[in-house]
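Residues per chain are reported as follows:
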Amino acid sequence: MFNFAEQVALVTGGAAVQQYGRLDCAFNNAGIEGVQAHVANLAPDAWRGTIDINLTGVYRCLHFEARVMREQRRGAIVNCASILGVVGFANSSAYTAAKHGVVGLTKTVAIELGKEGVRVNAVYPAFIDTPMLERAGLTTDPVMRATMEALHPIGRLGQSHEVADAVLWLCSSQSTFVTGHALLVDGGYVAQ
């Protein structure tokens, strides 16, 4: 079955290879918030939908990228996990399971590709001020926003550019001895 995540991997990675002759780095940022529900009330279709995008989507990108980069004998891949790839969070079982899976997948693929010159890492963002949080009502209500900000010792939500900076570092020549690592970009959330 050919789905959206597979199309994205082929189009974006394939276009890079077609235009530039290689794929030097990739950021696999597959993610939806999924349905928020107690595991006893979470419908199997809601579970599958979240896992398919948040975990299987990352696998599909890796599958394409690994084939290209191992042939080149170099490259850097960064997968987007989440702080919920480290800790649990009530009413988010599918999202949390998927993001834990992304971390395990990252470590495994880093081992598989390490001797072939390809580095694979992940980032663990905390609550980042994005449309995803807005859709969930976490940033539009002032009381809820203050509650979310207070979850981070730094006292605010993260910004997209802060995650992008971490990804760029992991893709850069400044991190050539870093692989199989998941970098927290969390304003201290997990330190508590």
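The text that follows walks through the structure, step by step, so that each part is easy to find. (Residues numbered from 1 in each chain as written. Predicted model: local features only at pLDDT ≥ 70, side-chain atom pairs only at ≥ 80, totals over all residues. Heavy atoms only, no water.)

In helix packing, the relevant descriptors are the interaxial angle and the interaxial distance, both defined with respect to the helix axes. One way to put it is that helix α2 (residues 44–72) packs onto helix α3 (residues 93–114) with a least axis distance of 8 Å and a crossing angle of 15 degrees. By the angle between their directions, the pair α2 and α3 is classed as roughly parallel. In terms of crossing hand, the pair formed by α2 and α3 is right-handed. Contact residues: α2 offers W47, T50, I51, N54, L55, V58, Y59, L62, A66 and R70, while α3 offers S93, A94, Y95, A97, A98, K99, G101, V102, L105, V109 and L113. (Axes fitted to C-alpha atoms, helices over the stretch in contact; angles between N-to-C directions. Helix = DSSP H or I, 4+ residues; strand = E, 2+ residues; numbered from the N terminus. Parallel < 35°, antiparallel > 145°, perpendicular 65-115°, else oblique. Left-handed = near helix turned anticlockwise from the far one by under 90°. Contact = heavy atoms within 4.5 Å.)

Now for the side chain of R119. Note that R119 resides in strand β3 (residues 118–125). Buried and unpaired, R119 has D24 as its nearest opposite-charge partner, separated by 10 Å. For R119, the side chain forms a polar contact with the main-chain oxygen of L170, separated by 3.0 Å. Ignoring anything within four residues of it in the chain, the contact list for R119 reads G75, A76, I77, L170, C171, S172, S175, T176, V178 and T179. (Buried < 20%, exposed > 50% of the residue type's maximum accessible area, 1.4 Å probe, protein only. Lys, Arg positive; Asp, Glu negative; His and termini not counted. Salt bridge = Lys/Arg side-chain N within 4 Å of Asp/Glu carboxyl O. Polar contact = N/O pair within 3.5 Å; in protein donor to acceptor, adjacent residues only side chain to side chain.)

A word on the layout of surface pockets. One number sums up the size of the largest pocket: a volume of about 720 Å³. Of all the secondary-structure elements, those providing two or more residues to the lining of the largest pocket are α3, α4 (131–135) and α6 (160–171). Sort the elements by how many residues they give to the lining of the largest pocket and α6 lands first, with three residues. Across the lining of the largest pocket, the residue classes break down as 19 nonpolar, seven polar and two charged. (1 Å grid on protein atoms, 1.4 Å probe; cavity = no way out; pocket = protein on both sides within 12 Å on 5 of 7 lines; lining within 4 Å. Points joined across faces, edges and corners; volume = space filled by probe spheres on them. Nonpolar A, V, L, I, M, F, W, Y, C, P; charged D, E, K, R; others polar.)

It is worth spelling out the pattern of salt bridges at this point. What the rule picks out here adds up to eight salt bridges. As a salt-bridge pair, D24 and R22 come within 2.5 Å of each other at their nearest N and O atoms. Residue D24 is classed as partly exposed on the basis of its relative accessible area of 37%. The partner of E149 in a salt bridge is R145, and the shortest N-O contact between them spans 3.1 Å. One end of the pair is E149 and the other is R145, both in helix α5 (residues 142–150) and four residues apart, which spans about a single turn. E149 sits in the partly exposed class, given a relative accessible area of 22%. In this structure R145 comes out as partly exposed when scored by relative accessible area, which is 23%. Each member of the salt-bridge network shares a partner with another, and the members are D129, R145 and E149.

By themselves these figures say nothing about function.
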